[in-house]
Amino acid sequence: MPSEHEAGCELPYDRSVSPYDEMVTGQGRMRPHWKQFLSSLGPIYPDQMIERWEGARRLLRQNGVTYNIYGDPQGIERPWPLDLIPLLITGDEWRQIETGVMQRAQLLNALLADLYGPQTLIRSGRLPASLIYADPSFRRPCHGVSVPGGQYLHFYSVDLARGDDGRWWVLGDRTNTPSGAGYALENRSVVSQVLSETYRYCQVERLNPFFVAFRESLSALAPGVDTPRVVLLTPGPYTETYFEHAYLARQLGITLVEGEDLAVRDRRVFLKTLSGLEPVNVILRRLDDDFCDPLELRADSSLGVAGLLQAVRAGTVVVANALGSGLMESMSCKSFLPTLCRHVLGEELRLPTLASWWCGQEAELAFVLDRLDHLVIKGANRDVVLDPIFGPKLAAAEKDTLRRRLRQRPWDYVGQEQITLSTAPVWQGRGLQAHHVVLRVFAAAVGSGYAVMPGGLTRVAPEPGRLVVSMHSGGGSKDTWVLPSERHHQIVSFRATGARGDPRPVEPKTGEAKPMVGDLPSRVADGLFWLGRYAERCDGAVRLLRGTSTRLIEGDVPGASDELAALLRLLVWNGMIPAELGSADASTREILPALRAAIFDPDHPTSLRANVQRVYRAAHSVRDRLSRDMWRVIIQIDRESRPHQSAPEGVAVLEPLDELVTSLSALFGLEQESMTRGPGWRFLTTGRRLERASRMVSMMRGLRVTEVLWSEDNRQAATLEVMLELAESFMTYRSRYFAAVQRGPVLQLLLVEPDNPRSLSFQLALLRDRLAELADGAKLGTPTHNPMANALRIVETGLTALGQPDLVRNPMLLRTTLDTLAATLPEVSNLLAHAFFSHAFARSA
Amino acid sequence: MPSPDRPDRPAPPSPPAPPPSPPALPPSGAAVRYRARHRTRYDYGEDVPVSHHLVHLATRSHPRQRCRRSLLTVTPTPAVRWDFSDYFGNPVSYVAVQEPHGWLEVASEIEVEVRPPPPFAAAGTPPWGELRLLAPALAGADEATAIGQFVFDSTLIRTTADLADYARPSFVRDRPIAEALIDLNRRINTDFAFDPTATTVATPLAEVLAKRRGVCQDFAHLAIGCLRALGLPARYVSGYLRTLPPPGRPRLVGADVSHAWLSAWCGGDHWLDLCPTNGRLVDADFITIAWGRDFDDVSPVRGVIFGGANQKLLVQVDVEVIDE
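Everything numeric here is computed off the predicted structure, so don't read it as measured data.

The next subject is the packing of aromatic side chains. As enumerated under the stated definition, the model contains 30 aromatic pairs over all chains in all. Centroid distance Tyr199(A) to Trp481(A): 5.6 Å. Interplanar angle 65°. Geometry classified as edge-to-face. With Tyr199(A) in helix H7 (residues 196-201) and Trp481(A) in strand E21 (residues 476-482), the pair connects residues that are 282 residues apart, well separated along the chain. Taken as a pair, Tyr199(A) and Trp481(A) share a single burial class, namely buried. When the ring of Phe243(A) is compared with that of Tyr247(A), the centres are 5.3 Å apart and the planes differ by 25°; the resulting orientation is stacked. Taken together, the residues span about one helical turn, with Phe243(A) and Tyr247(A) both in helix H9 (residues 242-252) at a distance of four residues. A relative accessible area of 1% means that Tyr247(A) is categorised as buried. Linked through ring pairs, Tyr116(A), Tyr133(A), Phe138(A), Tyr152(A), Tyr87(B), Phe88(B), Phe150(B) and Trp271(B) together constitute an aromatic cluster. Sitting above the plane of the Trp291(B) ring, Arg60(B) keeps its charged end 3.7 Å from the centroid. Sitting over the ring of Tyr166(B), Arg187(B) keeps its end group 4.5 Å from the ring centre.

Okay, here's the thing in C-alpha cells:
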C-alpha cells in the first residue's frame, strides 16, 4: 500500500498488514474522524512527537503506573506501555458496540443465574450437562447459593477485534475479575494531558460518569444499610494488576483489603480494623473465585477468607462478581450463545461471535478433526494450559499428534475460526507503524441493566504483523476515544471540559449516593508505621553516608580526619561497613568500595539501598493510602538510590546522596502537609518519631559521647561537629549560641531542647501525643495488661529522664539514661504491634 | 440384576434442605443395625482465636441404607452451626468456634441400618465398551448430575495414559462391565501393599501407581482414575467398616478409621460398590457416609484455623452391631 501523505499526516504509513486499518481506508484515504483528529494535532514532526511521548512516559513513571509480570527480570514492576495516539471510534459506531456489550452482559448474567440455580437450560437440553461438569470453573459449592436480585455479573469486560468486514467481533469475555478499567482511566489521564488541545477539540466522551455510576451501584448492593462498607479484595502487591487495584480503590473511594484483612464471624464478613471488627457489606473482588474461600473452594488458598461462602449463603454480604462467575469465561460455552440469546432474551445476539466448536460433543469433535487446517485450537477453559494452536501452521505429524490429543480428552478443546485483527497507527521511533489492535470494553451493572464505559483499553501488538495481543507478550496500550455522534460540530466549548483530563477521585452526586465508611485495616496501619520507620532510617543513613563521603572525597580539610574517624566509627556501629575500616589507618582506597556498598548494595542488609527498598515495599503495600505526589516522591527516591554506572567515582556517590536528602525531606514534608490527621497519619508519624528518637540515642552511644566529650583531645570538637551535622542542627546551634561548638550547649540542643525539631525530647513528646491519640481511638487490652499504656509509660519515663537537671553535665547519668532508652524504645514498637497488629497476622494452618 | 446402589435424586438444584426422610427399605436381605462413633480431636499446640470446619459425618440414606439417628457434637460448643446439603446431596455441617481454644473435638454418633446387596450375575452386565464415553454425552440434567459428572477429572484425580494402561488388562474387549470391575479391584488388592506410612493426603496418584503402596483412599482414587481414564464414571465413597467381623470372618483392613471405596457405574441406574483395599465387593459390612468425585469433595472434617503450632490430630472410629 502506498504511503499516506494526506492533510495533517506528513509521515509515511504502511497500512498493508491487515485488510482493515482504523485510520486509512483500503483506497488509501484518511477516514474522516481521523482527519479531524490529525488536523487538530497539527503537523506531526518527529521531534515534537518524541517530546510528547517523553512527556507521557514521565507522567506514567511519576504516577507509578505499572504492570507486574511473574518471573520478569525487570523485577516486580514493569512500566505501563502507552502509545499516545488514541484509537478513535465514531459515536455512531460506538452506539452499536455499547448496545451489543449491554446485551451480552445481560445474557451471560442470565446464563450464570440458571447454571448456578435451576439449570433449566440443561434440563431442556439447550446446553449439554457435560459443558459444566467437564469445566473446573463450574464451582459446585456456589450452586444453589442465592444471589440478591439474581445479579452474578456486576462488572464485565469483553475483548473485541475488528474483522475484515469492518464489524467488531467478540474474542473473549472476562467475567471472573475483569481487569483493565483502571489502566484505561490512567491512559486517559495521561493522554488528555499530553494532547490536551486535541482532546478538547475532539469532544471525547468522559469516563468519569461511568465510575460514578458504578460506585453508586456498589453501595446500593447493600439494601437496608445506610452506610455500607464496600471493600476491594486484592490478592496483594505481587499480583499482575495491583497498581490497578489500588488505583480503583482510591478512585471509587473504597477500602483496599487483602484476604487476611477480613474475617468471618457468625456468618458475616468483618474488616479487621484498628478499632476492632467492622461489618463488610459488599466485596468487589479482584481475587479469582476459587481462591476466595479456603474452607469450601481451594483448600490451599492463603489469599481468601475462610467462611466467605457461608456468609454469602446467609445473605449477609454481596460479592461482586458472584463467586462462580468465572464459568462464563470458558471458550466451551461460546458456540451456544447465539441460540441461547434468542431463547433467553428473545433477540438476536448483536455482537458477532467467532464461530467455534466445543469438542466435548461428538459431531463437533468430528468437524474440528476434519477442519484442523482452517481452525485455531484453544483450551476449553482456564484450567487447560494451552497457547492457541494455529492449525494452518502445523506440519502433518504435528496435526496427527494434535488429533490424538483431541480424541483423548475432547472436552478440553475448542476449535475456532481465525480472525484478522484490524491495525491502528502506533508511534514507533520516529514514525507511524500499523499494529494489530484489540479493544477491551467494560460494563457495570447499574440499576436493572448495564452501563458501558464510553471508551476502553485498546491493546496493541508489539510489532507489525504480530497477531498475539497481550500485555504479557510485550504489547502496548492506547487510550480509546469515543467521538460525538454528530460528525460536524461547529461549536467547541473549551470551558466545558476540565483542564487536566478526567480522572479525579469519583465524587458521588450529592443526595443520590449513600456515604460509605472508610476504615484503616490493621495491616495498612502496620504498613504505614513501617513506612515511617524506614523512611526515617533512610534519612539517617543518607546523612551519615553523605557526611562520610564528603570528607573522604574532599580530603585534607583541617579537622576532617578526626570527623571522618568519628563518622567511620558510627558506620561500623550501625553495621554499614566492616569493623576493620573503623580504625584510623584505613585508606581511602579501602573505604570507598565499602562505602559504595553501604549506599548501593541491595543485598547488604543495612545499606541505604536495602532500606529504600523497604520503604518502597511498605509504600507499595499501602499505596491506596498515599497521595499521588507522595507516591511520585517514593518512585524518585527509589530511582535515586540506584547506582549511576557512568558517573565518575566521587560524583557517583555524592550526587545521589544530595538528591536523596532532598527527596526524603520532600516525602516528610508531604506527610506533614498533605495527609489527613487520621489514624493512618498517626501510625506513619509514630513510626517516624520512634525511629528518629532511636537514631539519636544510637548516634550518641555509637560516638561514645560520654567518654569522648569528656576527654580533652581534639576528638571532642570533631565529635560535636559530627553530631550537629547528623542531627541537622548546625544552623539552629549557630543562631542560638553564636559561640564555638561546646559540649554543654550541643547536648542541651540535641537532647533536651523542646523547640528543636531534631531533639530527642521533641521526638518523645510527639510520640507520647500520637500514642495517646491511638490508645484513645482503640479500646484495647485489660486493666492488667494494656500494651498501649505500657508504651506510653516508656515514653513518659524517657521524657522525665531527659528533664533531669544534671543530665548534660554528668556523663555517668547521661550514659545510664541513653542505655535505658536504647533498651526500652524498641519495646514501644513491639507493644504497638501487640496492641494493633497481632490479630491481623494470624496465618491459616 | 446387579447391585442396585441407586443414589437418591441428588439434592441440587433444590435449595439446601434438611436430610430427606428415610425411604422404605427394599424387602430382600437381612438388615444389619449399627451404631458408629467417630471422634476427631485436634490439638493446636496453643490457643487459636477462631476455627471454621466443614463436617461430612452425617450419613446419607440410600436404597440399601437407612439412617435412624445422627448426632454431631462439637466441643467447645461452636458459636455457629449450619447444616446444609452439598452438590452431591450429602449432608454437611458448617461449625465455627469463635473464642480462643487450644483443641477441638468433633464427635459423631450415628445409628444406621444396612442391607446387603442382592446377589447378581456379573456376566449379565453390559460390555464395558458400550458404556465407555456414553457418560459425557448424557443429556438429561438428572442423569448428568447422577452419572455424567463422575467421568471427568476432579481436584485430586487427573487421568493419565499410565492409569489407562494399568486398567487395560482387566478391560478386555466385550467383557461385561462388572467382571472387568471385579478383576481390576482384585488386581489392585494384589498389586498394592497397604502401608499407612507410604502416602499422605497430598500424595499424587502417579506416585501411588509407581510405589504400589498406599491406604484405602489412595486405592479408591487409583481405581476411579483407572475407570475415568477409560471413559467410565466412578464415584468416591467415604464411610465405615464394622469393627468386629461376623463370627468366622476375618477383621477387615481399615476397620478402626474412616474407610473409602469406590462406586462404579454399570449402566442405567446401576452402580457397583467395590473395596480395593480388601479386594471384595461392598456388602452390609460397609456403612456409606458420603460420596463425591474424590476425597476433596467429602473429606470428613475439613478446617481452617488461624494460628496454632505443632498441630496434632487423633481420629477414632468404632462401629458396633446392635441387636442383630
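On to the nonpolar core. Counting residues in hydrophobic clusters, the biggest one holds 172 residues, and the most contacted among them are Leu308(A) and Phe171(B). With nine residues, the top contributor of residues to this core is helix H3 (residues 91-115) of chain A. In this structure, Phe171(B) is in contact with Trp128(B), Ile177(B), Ala180(B), Leu181(B), Leu184(B), Leu227(B), Leu230(B) and Leu232(B), ignoring residues within four places of it in sequence. Judged by nonpolar contacts, the second largest core, of 101 residues, contains Leu274(A), Leu564(A), Ala618(A) and Met630(A).

Let us now look at the sheet that holds strand E2 (residues 51-55) of chain B. Residues and elements named next belong to chain B. Spatially, E4-E5-E2-E14 is the arrangement adopted by the four strands of the open sheet, whose pairing is antiparallel. Edge positions in the sheet fall to strand E4 (80-85) and strand E14 (301-305), since each of these pairs with one other strand and no more. On average, each strand axis in the sheet is inclined to that of its neighbour by 15°, with strand direction left out of account. Two elements, E2 and strand E5 (residues 91-97), share five bridges in a ladder whose sense is antiparallel. For Ser-51, the partnering residue across the bridge sits in E5 and is Val-97.

Residue and element names in this part refer to chain A. Between its first and last C-alpha, helix H17 (residues 608-621) extends 20 Å over 14 residues, near the 20 Å set by a 1.5 Å rise per residue. Where burial is concerned, most of H17 is hidden: 11 out of the 14 residues are buried. Considered for burial, the residues of H17 that qualify are Leu-608, Arg-609, Ala-610, Asn-611, Val-612, Val-615, Tyr-616, Ala-618, Ala-619, His-620 and Ser-621.

Taken together, the contacts link 36 residues of chain B with 34 residues of chain A. Of the roughly 3,100 Å² buried where chain B meets chain A, counting both sides, 59% is carbon and sulfur surface. Applying the counting criterion to the chain B and chain A interface returns one salt bridge. Remark: the boundary between chain B and chain A carries nine residue pairs in polar contact (both at pLDDT 80 or more). If you list the elements that add at least two residues to the side of chain B that touches chain A, you get E2, E4, helix H2 (141-146) and E14 of chain B. The residue makeup of the side of chain B that touches chain A, split by class, is 22 nonpolar, nine polar and five charged.

This part takes up the pairing of strand E10 (residues 259-265) of chain B. Residue and element names in this part refer to chain B. For E10, the buried fraction is high: seven of the seven residues fall into the buried class. Residues His-259, Trp-261, Ser-263 and Trp-265 of E10 are buried on one face, and the alternating residues Ala-260, Leu-262 and Ala-264, pointing to the opposite face, are buried as well. As paired strands, strand E9 (residues 234-241) and E10 are joined by six bridges and run antiparallel to one another. What sits directly across from Tyr-236, in E10, is Leu-262. Inspection of the sheet shows E10 paired to strand E11 (residues 271-275) by four bridges, in the antiparallel sense. Counted as the bridge partner of Ala-264 is Leu-272 from E11. The antiparallel pairing of E10 with E11 creates a hairpin that spans five residues between the two strands, and Gly-267 there sits at a positive phi of about 95°.

Turning our attention to the confidence of the model for chain A. All names here are of chain A. Looking at chain A as a whole, its pLDDT mean stands at 86, while 89% of the residues score no less than 70. Low confidence marks residues 487-516, where pLDDT is under 50. Its contacts with residues over four positions away, or in another chain, come to 65 contacts. Throughout residues 840-845 the model reports pLDDT below 50, and contacts reaching past four residues in sequence, or to other chains, amount to 19 contacts.

Rules behind the numbers
Residues numbered from 1 in each chain as written. Chains lettered and ligands numbered in written order. Predicted model: local features only at pLDDT ≥ 70, side-chain atom pairs only at ≥ 80, totals over all residues. Heavy atoms only, no water. Phe/Tyr/Trp six-rings, centres within 6.5 Å; stacked < 30°, edge-to-face > 60°. Helix = DSSP H or I, 4+ residues; strand = E, 2+ residues; numbered from the N terminus. Buried < 20%, exposed > 50% of the residue type's maximum accessible area, 1.4 Å probe, protein only. Lys NZ or Arg CZ within 6 Å of the ring centre and 35° of its normal. Core = buried A, V, L, I, M, F, W, Y, C linked by side-chain atoms within 4.5 Å. Contact = heavy atoms within 4.5 Å. Pairing = 2+ DSSP bridges. Axes fitted to C-alpha atoms, helices over the stretch in contact; angles between N-to-C directions. Expected span 1.5 Å × (residues − 1). Buried area = accessible area lost by both parts, 1.4 Å probe. Salt bridge = Lys/Arg side-chain N within 4 Å of Asp/Glu carboxyl O. Polar contact = N/O pair within 3.5 Å; in protein donor to acceptor, adjacent residues only side chain to side chain. Nonpolar A, V, L, I, M, F, W, Y, C, P; charged D, E, K, R; others polar. pLDDT = per-residue confidence, 0-100.

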